[in-house]
Protein chains: 2
Amino acid sequence: YADIGIHEDMLADTVRTNAYRLAILRCWEQIRGKVVVDVGAGTGILSLFSVQAGARKVYAIEASVLAEETRKVVKANGMEGRIEVLHGRAEEVELPEKADVIVSEWMGYSLLYESMLPSVIHIRDKWLKKGGLMLPSEATIYLAPIADVEVEDRLQFWEDIGSKYHVDMSALKPYAHRCVTRKVQVKPVEMEDILATPAKVMTFDLTEVSAEDLSCVQGAFSFSCYGWSQMQGFATWFDVLFPSPKPVLLSTSPYSEDTHWMQSVMSLDEPVQVTQDTRVSGVIKITPNNRNNRFLDMTLKYSIDDREEVERLYPMDDCR
Amino acid sequence: YADIGIHEDMLADTVRTNAYRLAILRCWEQIRGKVVVDVGAGTGILSLFSVQAGARKVYAIEASVLAEETRKVVKANGMEGRIEVLHGRAEEVELPEKADVIVSEWMGYSLLYESMLPSVIHIRDKWLKKGGLMLPSEATIYLAPIADVEVEDRLQFWEDIGSKYHVDMSALKPYAHRCVTRKVQVKPVEMEDILATPAKVMTFDLTEVSAEDLSCVQGAFSFSCYGWSQMQGFATWFDVLFPSPKPVLLSTSPYSEDTHWMQSVMSLDEPVQVTQDTRVSGVIKITPNNRNNRFLDMTLKYSIDDREEVERLYPMDDCR
């Protein structure tokens, strides 16, 4: 996370950053005069917000070499008396005192891809006072069946391109289809393409969730389609909730404003015709990849009306 | 190279693909009834062109699993009698006969980044008949001093973004500058930004160049600037030449049509004011990276008028 491009994307994402700003400022009564830990501080912006909300002390933990730069940001904002940047891994860092509040932007694509949640849990269990405040405090993953003509449009390329060169390249279409749909695709989904009321497939209470709970996350779903359409896949997204007198919701739903997280799509091998009240039901399972625990394995088991049940693994290994 | 996205980009690049098609068809007198080797055949399109030009036999060498798909393309074009797809590394594959022609699209960013040229040389030395035809037969790298406001525009972000959130993030600007300019940047350069007549810094005769010649490539340059401007860096690009009664040039210059190779930019640490006849001279050295020989180290040594000489290394490690 030392590369600046990622931080550009995150700060340019005003939906994300404003949600954190609003949530932190709204919690000023719980933050004023208190100790805050910012896990994975990055550019330090959440630490700055915490001081603006009145924190007595903020410990900004950053594992990458960016920590050196975070110190400069703190100084440029005249907050060096209030924010202490700790350069180290959350699992290894020592704080001089326990904290009243943890603030962290730990979410990855599909919520859990390359997520920092295990580090946040570690800090919570070791350094947060009993009953302390978690910002955010709850996370929910959603799933919905979708239409997705983008894949088909992209594959049309192989039908069309050959004629430019007086050859036939369409034999590559099935291979291209396998390449494109083999993995989870991080891309924007339009709300018009959602084919049924989205299901909450799992919710995490961030004040309680354990690292063990994350080793195999799963949830069931059962949809009843709105009407006649081709179903090409499933989309997932998430939201996180900030508790406060007036709660703040940061949503990455296709129904909300776009964020840099976009949505995650798992394509069916073949489109399926659905119509009003077509039943789509099953289970989604999300586990860390065996070889690299920053990567995810998403397994979908589903049936559409009385068709045969399908089970398929969608790896989420290299999304950028 | 099994990922389909790369092949989409290459086939969608009509400048590239049409140059090969034209060059191969124009060489029909040297190809008709002859044996052709296509090194790194990919989707097989250059093999198809070679059969269209009258080749008796084409050996299409492809190291990745794509080879299986290339066979399907060959069959769909009814050329399975003429094209034999060999799944293996160029260094290991055995051909049943020597070849009259080598056709290969081996060029990477800045010509040599992740390039397949060493494989082409290997095949040439082992399997090409004496005096056989190389398509292309010559490659040239160009360099020019450039204006480049894009970096400055991008860094302006750090001045502007903080005000959206009532904080000051401008302290990150120097770090962002180092991140962005540390490496060779593959991006488009506009012809208006070229500040002096480009220099040919090196030319490779592909009928003779050896793998050893590639271990340290260098060339000198001396520019005389057109006029008043800020100079922010140097750009490099290349062209390759196909010999034939009417030669074909595939150019990736900012003065030519855009290609997927774009140009490569090396930024100065600080902009330098140049004016008419300002002298910019020096040496560029391109060597394979010690740890990963698909990566490049570009070293620039230059002086601008009578300023002190600057020497800087620009790695080219992970460009996509």
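Given the structure is predicted, the values throughout are model-derived calculations rather than measurements.

J.: Explain the sheet that holds strand 2 (residues 57–62) of chain B here, please?
T.: Paired through backbone hydrogen bonds, the strands of a sheet run either parallel or antiparallel to each other. All names here are of chain B. Pairing is parallel in the open sheet, where 5 strands are placed in the order 3-2-1-4-5. Looking at the sheet topology across the chains shown, the edges are occupied by strand 3 (83–87) and strand 5 (128–135). Put simply, the sheet's adjacent strands are angled 25 degrees from each other on average, direction ignored. Its contacts with the sheet put helix 4 (residues 45–52) on strand 1 (35–39), strand 2, strand 3 and strand 4 (99–103), and the angle it makes with strand 2 is roughly 175 degrees.

J.: Just checking my understanding: could you explain the environment of B:M10 for this structure?
T.: Residue and element names in this part refer to chain B. By the secondary structure assignment, M10 is in helix 1 (residues 4–12). Its relative accessible area of 15% is what places M10 among the buried residues. Here the alpha-carbon distance between M10 and G42, two residues 32 residues apart in the chain, equals 9.9 Å. Those residues in contact with M10 that lie beyond four places of it in its chain are R16, T17, E105 and H260.

J.: Any chance you could explain empty space enclosed by the protein here in plain terms?
T.: Which parts of space are left empty comes out when a probe the size of a water molecule is rolled across the atoms. In the structure shown here, the tally under the stated rule is 2 cavities of 30 Å³ or more. Taken as a whole, the largest cavity encloses approximately 40 Å³ of empty space. Going through the elements one at a time, helix 6 (117–127) and strand 5 of chain B are the ones with two or more residues in the lining of the largest cavity. Of the residues in the lining of the largest cavity, the class split is 8 nonpolar, 1 polar and no charged. Here the second largest cavity defines a volume of roughly 30 Å³. As for the second largest cavity, its lining consists of A:S104, A:W106, A:L117, A:V120, A:M134, A:L135, A:P136 and A:L206. For the lining of the second largest cavity, the secondary structure elements donating two or more residues are helix 6 (117–127) and strand 5 (128–135) of chain A. Looking at side-chain class alone, the lining of the second largest cavity contains 7 nonpolar, 1 polar and no charged residues.

Cut-off values and rules
- Residues numbered from 1 in each chain as written.
- Chains lettered and ligands numbered in written order.
- Predicted model: local features only at pLDDT ≥ 70, side-chain atom pairs only at ≥ 80, totals over all residues.
- Heavy atoms only, no water.
- Pairing = 2+ DSSP bridges.
- Helix = DSSP H or I, 4+ residues; strand = E, 2+ residues; numbered from the N terminus.
- Axes fitted to C-alpha atoms, helices over the stretch in contact; angles between N-to-C directions.
- Contact = heavy atoms within 4.5 Å.
- Buried < 20%, exposed > 50% of the residue type's maximum accessible area, 1.4 Å probe, protein only.
- 1 Å grid on protein atoms, 1.4 Å probe; cavity = no way out; pocket = protein on both sides within 12 Å on 5 of 7 lines; lining within 4 Å.
- Points joined across faces, edges and corners; volume = space filled by probe spheres on them.
- Nonpolar A, V, L, I, M, F, W, Y, C, P; charged D, E, K, R; others polar.

Function cannot be read off these values alone, since they describe shape.
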